[in-house]
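Here are the chains, one letter per residue:
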Amino acid sequence: MELNIAVLPGDGIGSEISAQGVLVLETIARRFNHKFIFRTGLIGAAAIEAVGDPFPNETMQLCLDSDAILFSAVGDPRYDNDPTSPVRPEQGLLKMRKSLELYANIRPISTYKSLLERSPLKEEVIEGADFVCVRELTGGMYFGEKYESVDKAYDTNVYSRNEIERILRVAYGYALNRNKHLTVVDKANVLASSRLWRKVAQEMEKEYPEVKTDYMFVDNASMRLIQDPRFFDVLVTENTFGDILTDEASVITGSMGLLPSASTGEKTPLFEPVHGSWPEAAGKHIANPIAQILSAAMLLEHFGLKDEGKIVRDAVQASIENSIRTPDIQKKELKPYTTEEVGEWIADYCSKAN
Ligand code: IPM
Ligand code: MN
């Protein structure tokens, strides 16, 4: 298969983990006789510095001309600490998601047996947890009307029936292929937008009689996620709730550095780690490349390359089992490996494994 892949490293640890994602994809291409063509683009603070725009037209064009996007992270403390800044790195990612209409963000959460002890949660609570968060990605407060003045500000949480319906269809699709249990997370006791979500979901659940649909308020869901994560099979929710709940859910796996995601919709699909740019770690070679590498596995699987995806997943699993781990997940008594050492070990495994 020939694939044109846009590579967008972005900020902070972005370029370090991006290189590992590309290395693994190159290894897979060589082994399976695929042709992957990588072209790099600017995004985030790096793009603001270079051309004054967090998502330059050139990057947009590169994305549109590609079959897939491998993105890493954006964010820079210089902008976080300056709320008056007219331009922010995050706008680059948001503009990319919106202009490519990538409304469905798929964030799978599962545990690794040998990492159970790394989670602050009790092993008996998290063992076997395995679910998928389906986060709506192009609506809600992120993109609704905003107002900011000296003493007043607001964000509007707008959702249309069509936006709710299409993300619920994606979520039902996952539920049908998994354990046929869908949890719709909202705040329908308070928010009008959530009441529309619930109404649309209640209408649609009749179309999916094989799936058990239940409804949960987001405050309760945030508790249930860490109290009884095995309850969940597929969880679907709006943009802001999904952002918050998936950071929380990363605690189940033991590290934020392990969670990949796929953002799909109308145009070029985007594969992005759930974590941010971790600026404090940039250049230190301590960032975990696994979220990026598993995002690359999701990219392969998106194009039907199942065996390829499986080898990457096996390689990741083997690296963890063999304690080839970055500091965030390494055992206390063992020396941690660098971002590059872990990436190279995983790539090497991919080139040799059966
Ligand atoms: C994420 C991130 C982004 C978001 C930021 C960087 C804009 O936190 O992908 O979860 O809020 O969606
Ligand atoms: Mn987030």
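Scroll up a little and you will see the structure.
Residues numbered from 1 in each chain as written. Chains lettered and ligands numbered in written order. Predicted model: local features only at pLDDT ≥ 70, side-chain atom pairs only at ≥ 80, totals over all residues. Heavy atoms only, no water.

(A) Molecular detail of the overall build of the protein chain. Across its full length, the protein chain holds 13 helices and twelve strands. The C-alpha atoms of the protein chain give a radius of gyration of 20 Å, which matches the 20 Å a tight globule of 354 residues would have. In terms of principal-axis extent, the alpha carbons of the protein chain reach across some 50 × 50 × 40 Å. Looking at the protein chain as a whole, 54% of its 354 residues qualify as buried. Accessible surface, the protein chain: about 15300 Å² in total, of which carbon and sulfur atoms supply 51%. With 39 positive and 53 negative side-chain charges, the protein chain shows a separation of 4 Å between the mean positions of the two kinds. (Helix = DSSP H or I, 4+ residues; strand = E, 2+ residues; numbered from the N terminus. Rg over C-alpha atoms; globule rule 2.2 N^0.38 Å. Buried < 20%, exposed > 50% of the residue type's maximum accessible area, 1.4 Å probe, protein only. Areas by Shrake-Rupley, 256 points an atom, 1.4 Å probe, with all protein chains shown as cover. Lys, Arg positive; Asp, Glu negative; His and termini not counted. Charge placed at Lys NZ, Arg CZ, Asp CG, Glu CD.)

(B) Main features of the sheet that holds strand 12 (residues 270-271). Read from one edge to the other, the open sheet built from ten strands follows the order 2-1-3-12-11-4-5-10-8-9, with strand pairing classed as mixed. Because the sheet does not close on itself, it has two edges, and the strands there are strand 2 (35-40) and strand 9 (212-217). Helix 9 (residues 218-227) contacts strand 5 (130-136), strand 8 (181-186), strand 9 and strand 10 (234-237) of the sheet and is inclined by roughly 105 degrees relative to strand 9. Of the strands in this sheet, strand 4 (104-110), strand 5, strand 8 and strand 10 touch helix 10 (residues 239-253), which is tilted by about 155 degrees from strand 5. (Pairing = 2+ DSSP bridges. Contact = heavy atoms within 4.5 Å. Axes fitted to C-alpha atoms, helices over the stretch in contact; angles between N-to-C directions.)

(C) Local environment of the site of ligand 1. Close contacts around ligand 1 come from Glu90, Leu93, Arg97, Arg107, Arg135, Tyr142 and Asp243, and that covers them all. Contact distances for ligand 1 include 2.8 Å between an oxygen atom and a side-chain N or O atom of Arg135. Protein burial of ligand 1: of its 320 Å² of free accessible surface, 81% is covered by the chains. Tallied by class, the residues present in the shell around ligand 1 amount to two nonpolar, no polar and five charged. (Near = heavy atom within 4 Å. Polar contact = N/O pair within 3.5 Å; in protein donor to acceptor, adjacent residues only side chain to side chain. Nonpolar A, V, L, I, M, F, W, Y, C, P; charged D, E, K, R; others polar.)

(D) Quick look at the packing of aromatic side chains. Counted under the stated rule, the structure contains seven aromatic pairs. Where Tyr159 meets Trp197, the ring centres are 5.3 Å apart and the plane angle is 85 degrees; that geometry is what we call edge-to-face. You can see Tyr159 sitting in the loop between strand 7 (153-155) and helix 7 (161-177) and its partner Trp197 sitting in helix 8 (residues 192-204), a full 38 residues away along the chain. Owing to a relative accessible area of 8%, Tyr159 belongs among the buried residues under this scheme. Between Trp345 and Tyr349 the ring centres are 5.8 Å apart and the planes differ by 25 degrees, which places this aromatic pair in the stacked class. Of this pair, Trp345 and Tyr349 both sit in helix 13 (residues 339-352), four residues apart, roughly one helical turn. For Trp345, a relative accessible area of 28% translates into the label partly exposed. Taken together through their ring pairs, the aromatic side chains of Phe131, Phe231 and Phe232 make up a single cluster. (Phe/Tyr/Trp six-rings, centres within 6.5 Å; stacked < 30°, edge-to-face > 60°.)

(E) Examining helix 10 more closely. Counted at 1.5 Å a residue, the expected span for helix 10 with its 15 residues is 21 Å, and the 22 Å between its end C-alpha atoms agrees. Among the 15 residues that make up helix 10, eleven are buried, leaving the element largely enclosed by the rest of the structure. Among all positions in helix 10, only Asn239, Thr240, Phe241, Gly242, Leu245, Thr246, Glu248, Ala249, Ser250, Ile252 and Thr253 are buried. Count one or two residues on from helix 10 and you reach Gly254, which has phi positive near 110 degrees. (Expected span 1.5 Å × (residues − 1).)

(F) Main features of the pairing of strand 8. Strand 8 sits mainly inside the fold: six of its six residues count as buried. Residues His181, Thr183 and Val185 of strand 8 are buried on one face, and the alternating residues Leu182, Val184 and Asp186, pointing to the opposite face, are buried as well. Alignment of strand 8 against strand 9, held across six bridges, turns out to be parallel. When the bridges of strand 9 are listed, Asp186 appears paired with Phe217.

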